[in-house]
Amino acid sequence: MSEEIIALRKRVMSCIKCGLSKSRKNAVPGSGNIQSEIIFIGEAPGRSEDLQGEPFVGTAGQILSEALEYAGLKRSDIYITNVVKCRPPNNRQPLKEEQDACREHLLKELEIIRPKMICILGNTAFSSLLNGNSITKNRGKIIHRAGQLYFVTIHPAAAIYNPDLRQVLKDDMKFLAQTLDKIKKGLQIETLE
Ligand code: URA
Ligand code: SF4
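A quick note: this is a predicted structure, and the numbers were derived from the prediction, not measured.

Let's talk about the overall build of the protein
Then step 1. A tally of helices and strands in the protein yields 7 helices and 6 strands.
Then step 2. Its helices and strands in sequence order give the protein the pattern α-α-β-β-α-α-β-α-β-α-β-β-α, from N to C terminus.
Then step 3. The C-alpha atoms of the protein give a radius of gyration of 16 Å, which matches the 16 Å a tight globule of 193 residues would have.
Then step 4. In terms of its C-alpha atoms, the protein occupies a principal-axis envelope of roughly 45 × 40 × 30 Å.

What follows is the structure in structure tokens.
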């Protein structure tokens, strides 16, 4: 791990920049391979993540892992994080002010990893990073914004009780993996501006 990421993890774990610091058990910094070409961004830690201090280790995480595996991607190859690093009480959506307070940590992660692709998981990350309202029209698409590529898909928690959405996530992950391959080979890809 680079010194920079170790320093960032420490800052996150002791951060008290917003009210979520009061109710959390553990802050949850991002985790994974910092050489990764792709970073996945979810919403906020849930109960399991809060207890373990690791992102996407609960049911939603299992669904994400399954979809990644289906696409030939491994959790250990990629980097995963969240818009906010502390669990909101009762898993409510993080407030705008909490997202804003936590943004410096996310920006630092992006600066360290410099991913070729940012994978947006669900509406909170979509609105926080791209100012979008709803992923419906953009799901499964690649967006090119300010020199950065983004891929938009559903939040894995949305698929917990919905087998159809599980397949959507799997197919999206496959498309994402294929797109990354194309980018690496210098091939043209279709994007929305
Ligand atoms: N949901 C998220 O958005 N992030 C996690 O880390 C776990 C569940
Ligand atoms: Fe700090 Fe982010 Fe946790 Fe708020 S959610 S206390 S800004 S790490």
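Thoughts on the site of ligand 2
Then step 1. Neighbouring residues of ligand 2: Cys15, Lys17, Cys18, Ser21, Arg24, Lys85, Cys86, Ala101, Cys102 and His105.
Then step 2. Sort the elements by how many residues they give to the shell around ligand 2 and helix 5 (residues 96–113) lands first, with 3 residues.
Then step 3. Looking at the shell around ligand 2, its residues break down into 5 nonpolar, 2 polar and 3 charged.

Some words on the site of ligand 1
Then step 1. Around ligand 1 sit Gly42, Glu43, Ala44, Glu49, Pro55, Phe56, Asn82 and His155, and that is every residue in its neighbourhood.
Then step 2. The contact in question runs from a nitrogen atom of ligand 1 to an N or O atom on the backbone of Ala44, over 3.0 Å.
Then step 3. If ligand 1 stood free it would expose 240 Å²; the protein chains cover 92% of that surface.
Then step 4. Taken atom by atom, the bulk of ligand 1 overlaps the largest pocket.

Concerning the layout of surface pockets
Then step 1. In this structure, the largest pocket occupies an estimated 340 Å³ of space.
Then step 2. Every residue lining the largest pocket is counted, 17 residues in all, and those nearest its centre are Ala44, Gly46, Ala60, His155 and Ala157.
Then step 3. Secondary structure elements with two or more residues in the lining of the largest pocket: helix 3 (47–52) and helix 4 (59–70).
Then step 4. Looking at the lining of the largest pocket, its residues break down into 7 nonpolar, 6 polar and 4 charged.
Then step 5. In this structure, the second largest pocket spans a volume of roughly 180 Å³.

So, the pattern of salt bridges
Then step 1. Under the defined criterion, the tally for this structure stands at 11 salt bridges.
Then step 2. Between Lys108 and Glu4 there is a salt bridge, with the nearest N and O atoms lying 3.5 Å from each other. With Lys108 in helix 5 and Glu4 in helix 1 (residues 3–13), this residue pair connects regions lying 104 residues apart in the sequence.
Then step 3. Its salt-bridge partner being Lys85, residue Glu109 comes within 2.8 Å of it at the nearest N-O pair. In this pair, Glu109 sits in helix 5 while Lys85 sits in the loop between strand 3 (79–82) and helix 5, placing the two residues 24 residues apart along the sequence.
Then step 4. The exposure class of Lys85 is buried, given its relative accessible area of 1%.
Then step 5. Among the ionic contacts, a cluster of salt bridges with common partners joins Glu4, Lys108 and Glu111.

Rules used in this analysis
- Residues numbered from 1 in each chain as written.
- Chains lettered and ligands numbered in written order.
- Predicted model: local features only at pLDDT ≥ 70, side-chain atom pairs only at ≥ 80, totals over all residues.
- Heavy atoms only, no water.
- Helix = DSSP H or I, 4+ residues; strand = E, 2+ residues; numbered from the N terminus.
- Rg over C-alpha atoms; globule rule 2.2 N^0.38 Å.
- Near = heavy atom within 4 Å.
- Nonpolar A, V, L, I, M, F, W, Y, C, P; charged D, E, K, R; others polar.
- Polar contact = N/O pair within 3.5 Å; in protein donor to acceptor, adjacent residues only side chain to side chain.
- Areas by Shrake-Rupley, 256 points an atom, 1.4 Å probe, with all protein chains shown as cover.
- 1 Å grid on protein atoms, 1.4 Å probe; cavity = no way out; pocket = protein on both sides within 12 Å on 5 of 7 lines; lining within 4 Å.
- Sits in = over half its atoms within 2 Å of the grid points.
- Points joined across faces, edges and corners; volume = space filled by probe spheres on them.
- Salt bridge = Lys/Arg side-chain N within 4 Å of Asp/Glu carboxyl O.
- Buried < 20%, exposed > 50% of the residue type's maximum accessible area, 1.4 Å probe, protein only.

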